[in-house]
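Residue-level structural notes
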Amino acid sequence: MDKPVVGIDAMAFAGPECFVEMAALADARGVDPNKYIKGIGQRQMAVATPCEDTVTLAAEAGRKALEAFGIDPAEIGTLVVGTETGVDHSKPSAVYVHELLGLPARCRTFETKHACYGAMAGLTAAMDWILSGRAKGRKALIIASDIARYGVNTPGEPTQGAGAVAMVISENPRLLALDADLSGDFTKQVMDFWRPLYSKYAQVDGHYSIDCYLEALEGCLDHASEQLSEDANQGKPFQIGELDACLYHVPFTKMAKKAHHRHRETELGDRVSREDPRMADILGSYGAKVSPFLSLNERVGNIYTGSVFLAMIDFLRQLGPEHAGQRLSLFSYGSGSGAALMFAEVVQGAGDWSATLDPTAELDARRALSIADYEALCAASEEADLNNSEMADPARWGLGSGLFYTGTVDHQRRYARIG
Ligand code: HMG
């Protein structure tokens, strides 16, 4: 019996109300703005106020995905929130989101943590749940939600960000069909990036983390290419030349360029230096298959688990009817480390949803912060989770309508929709 077609049926992005211009941040840090804008590849950075947390961002993304694609919450049988910036050592953020979205009690609900790989782990678990037959027609809601904090005046500061991407996984999806037969996995214990229990800020060995990411990409490519020799997968489009888009985890957009370079080198079995004539081909395919889908990441920054899926929204919002059947690769890397490579195909009719998926108007409507205001928000966020903290007051930060974290009282987190 043929396997059912399983994939992404609905998607949406939600981000905080405020952002910082990278040029302004560079000025304040006494750095050439070109380092942040060209060298790292970031134009803006989303900044969460103390009233926007992993739960509010996740619930907003989930609400938008369900509403925009006309999905009844009663159809959801699995909810996974992938995050490395959870709000409790024990209670999963997914349970708050479950209540805020009005999901049914008969729903598997859990949080996944593996640095930036958490949501990809949720996605593959959802696919397996449906393929096993246990879903019985129900859908899975997978939400990637994170706030990346390295701290003021650190090398990681220009690679911060915040936001959430929600995806509904189902049979006969309306956007992308996931390839259930071809994938690559990689795990290796490394200390490239981690966040000790006592800290809101990540510890990172920045340059080493880039090497770890690239090693994991090679590992996933090797694993997937071995499966191509199996009969069932013969003839599957796999090489960059056969793919229409290559989406990578995007901690900063220059990283996707480095990843694409290594992807091609792995295919060639050789290193390609800047002077090598094959470099022109690599840059050409980067310009056609990677960089057109990085403009949202450039404006939001690193959203950890969601960042590869934000690039996916960028890809989907540019689709027209002629793009049905296009094939893409999807690489997720989580520090520490774990990674996965998957493949997907654009389904007929996906282009009808491009305008619905486009978050540009929402990004345009954000409020630009001065560097002094951004630093004040960072300081306030350090206290916002304390019991009876006054920092989680939406009025204090000029927040209008929306879903907000309003503080911890009696050691319990409170959420409220205002306006
Ligand atoms: P840095 O040391 O400050 O920067 O930190 P740099 O000196 O390496 O410069 C960065 C780039 O800017 C270089 O380009 C420079 O040449 C260029 P490259 O050689 O890499 O192509 N540059 C300029 N370009 C134009 N004009 C100029 C100029 N000056 C310099 N004037 C670093 C950079 C990314 C290491 C730092 O920001 C950091 O530690 N970030 C956090 C770690 C990170 O994002 N790692 C990525 C891989 S690990 C990962 O993706 C997982 C993660 O998302 C976490 C998770 O899994 O949960 C992080």
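Residues numbered from 1 in each chain as written. Predicted model: local features only at pLDDT ≥ 70, side-chain atom pairs only at ≥ 80, totals over all residues. Heavy atoms only, no water.

Attention shifts here to the overall build of the protein. When helices and strands are tallied, the protein shows 13 helices and 17 strands. Relative to its length of 419 residues, the protein is compact, with a C-alpha radius of gyration of 20 Å against a globular reference of 22 Å. Dimensions of the protein, computed from C-alpha atoms along their principal axes, come out at roughly 60 × 55 × 40 Å. Within the span of the protein, comprising 419 residues, buried residues form 57% of the whole. Here the contacts in the protein between residues at least 6 apart in sequence split such that 75% fall between residues at least 24 apart. With the model as given, the accessible surface of the protein reaches about 17,000 Å², and the carbon-plus-sulfur share is 49%. Averaging the positions of the 39 positive and the 56 negative side-chain charges in the protein gives two centres separated by 2 Å. (Helix = DSSP H or I, 4+ residues; strand = E, 2+ residues; numbered from the N terminus. Rg over C-alpha atoms; globule rule 2.2 N^0.38 Å. Buried < 20%, exposed > 50% of the residue type's maximum accessible area, 1.4 Å probe, protein only. Contact = heavy atoms within 4.5 Å. Areas by Shrake-Rupley, 256 points an atom, 1.4 Å probe, with all protein chains shown as cover. Lys, Arg positive; Asp, Glu negative; His and termini not counted. Charge placed at Lys NZ, Arg CZ, Asp CG, Glu CD.)

In contact at an axis separation of 9 Å, helix α3 (residues 54-68) and helix α4 (residues 93-100) are set at 45 degrees when each is read in the N-to-C sense. The angle between α3 and α4 falls in the class oblique. Here α3 and α4 pass one another in a crossing that is right-handed. For the pair α3 and α4, contact is made by Thr54, Val55, Ala58 and Ala59 and by Ser93, Tyr96, Val97 and Leu100, respectively. (Axes fitted to C-alpha atoms, helices over the stretch in contact; angles between N-to-C directions. Parallel < 35°, antiparallel > 145°, perpendicular 65-115°, else oblique. Left-handed = near helix turned anticlockwise from the far one by under 90°.)

Position of proline 237 among the secondary structure elements: in the loop between α6 (206-227) and β12 (245-248). The spatial distance from the C-alpha of proline 237 to the C-alpha of aspartate 53 is 40 Å, given a sequence separation of 184 residues.

Before going further, it helps to examine the environment of histidine 261. By the secondary structure assignment, histidine 261 is in helix α7 (residues 253-268). The spacing of histidine 261 and leucine 283 is 22 residues in sequence and 8.1 Å in space, taken between C-alpha atoms. Beyond its immediate stretch of four places on either side in the chain, histidine 261 contacts Val272, Met279 and Ile282.

We now examine the sheet that holds strand β15 (residues 367-368). Through backbone hydrogen bonds, the strands of a sheet pair up, either in parallel or in antiparallel fashion. One open sheet holds the 3 strands; their spatial order is β3-β2-β15, and the pairing between them is mixed. The open sheet has two free edges, formed respectively by β3 (44-47) and β15, since each of these has just one partner strand. Strand direction decides the pairing type here: strand β2 (residues 18-21) and β15, joined by 2 bridges, are parallel. When the bridges of β15 are listed, cysteine 18 appears paired with arginine 367. Along the sheet, helix α1 (residues 22-29) contacts β2 and β3; its crossing angle with β2, the most-contacted strand, is approximately 60 degrees. (Pairing = 2+ DSSP bridges.)

The next subject is the pattern of salt bridges. Scanning all chains against the criterion turns up 27 salt bridges. Between glutamate 60 and arginine 63 there is a salt bridge, with its nearest N and O atoms 3.0 Å apart. Of this pair, glutamate 60 and arginine 63 both sit in helix α3, 3 residues apart, roughly one helical turn. The exposure class assigned to arginine 63 is partly exposed, which follows from its relative accessible area of 25%. Salt-bridge contacts for arginine 271 lead to glutamate 218; the nearest nitrogen and oxygen are separated by 3.6 Å. With arginine 271 in the loop between α7 and α8 (279-289) and glutamate 218 in helix α6, this pair connects stretches of sequence that are 53 residues apart. A relative accessible area of 46% places arginine 271 in the partly exposed class. Because the salt bridges share partners, they merge into one network encompassing Asp9, Glu75, Lys139 and Arg174. (Salt bridge = Lys/Arg side-chain N within 4 Å of Asp/Glu carboxyl O.)

Take the nonpolar core next. Grouped together as the largest cluster of nonpolar side chains are 137 residues, with contacts concentrated most on Met11, Ile143, Ile169, Phe309 and Phe331. Here this core gets 9 residues from one element, more than from any other, and that element is α6. Residues contacting methionine 11, with those up to four places away along its chain left out, are Ala65, Phe69, Val165, Ala166, Met167, Leu175, Phe309, Met312, Ile313, Leu316 and Leu357. Membership of the second largest hydrophobic core comes to 6 residues, among which are Cys116, Tyr150, Phe193 and Ala202. (Core = buried A, V, L, I, M, F, W, Y, C linked by side-chain atoms within 4.5 Å.)

Here the structure, examined in full by the defined rule, presents 0 disulfides. No disulfide involves cysteine 220; its sulfur sits 13 Å from that of cysteine 212, the nearest cysteine. For cysteine 220, a relative accessible area of 0% gives the class buried. (Disulfide = S-S within 2.5 Å.)

Here we come to helix α13 (residues 371-383). In an α-helix, one turn spans 3.6 residues, which is why side chains three or four residues apart end up on the same side. Between its first and last C-alpha atoms α13 spans 19 Å; for 13 residues at 1.5 Å apiece the expected length is 18 Å, and the two agree. Those residues of α13 not exposed but buried are Ile371, Tyr374, Leu377, Cys378, Ala380 and Ser381. Turning to α13, the residues buried within the fold contact β2, α1 and β3. (Expected span 1.5 Å × (residues − 1).)

One can find arginine 367 in strand β15. In sequence terms arginine 367 and cysteine 18 are 349 residues apart; their C-alpha atoms lie 4.7 Å from each other. Not counting chain neighbours up to four residues away, the residues in contact with arginine 367 comprise Glu17, Cys18, Phe19, Trp397, Gly398 and Leu399.

Moving on, we come to the site of the ligand. Inspection of the region around the ligand gives 28 residues, with Lys35, Glu84, Cys116, Lys254 and Lys258 positioned closest. Proline 155 is positioned with one of its backbone polar atoms (N or O) 2.8 Å from an oxygen atom of the ligand. Within the contact set of the ligand, an oxygen atom lies 2.8 Å away from a side-chain nitrogen or oxygen of histidine 249. Alone, the ligand offers 1,100 Å² of accessible surface; in the complex the protein occludes 76% of this. Those elements giving two or more residues to the shell around the ligand turn out to be α2 (33-40), α6, α7 and β13 (327-334). (Near = heavy atom within 4 Å. Polar contact = N/O pair within 3.5 Å; in protein donor to acceptor, adjacent residues only side chain to side chain.)

A word on the side chain of glutamate 60. A relative accessible area of 15% places glutamate 60 in the buried class. The contact partners of glutamate 60, leaving out residues within four places of it in the chain, are Ala14, Leu403 and Arg417.

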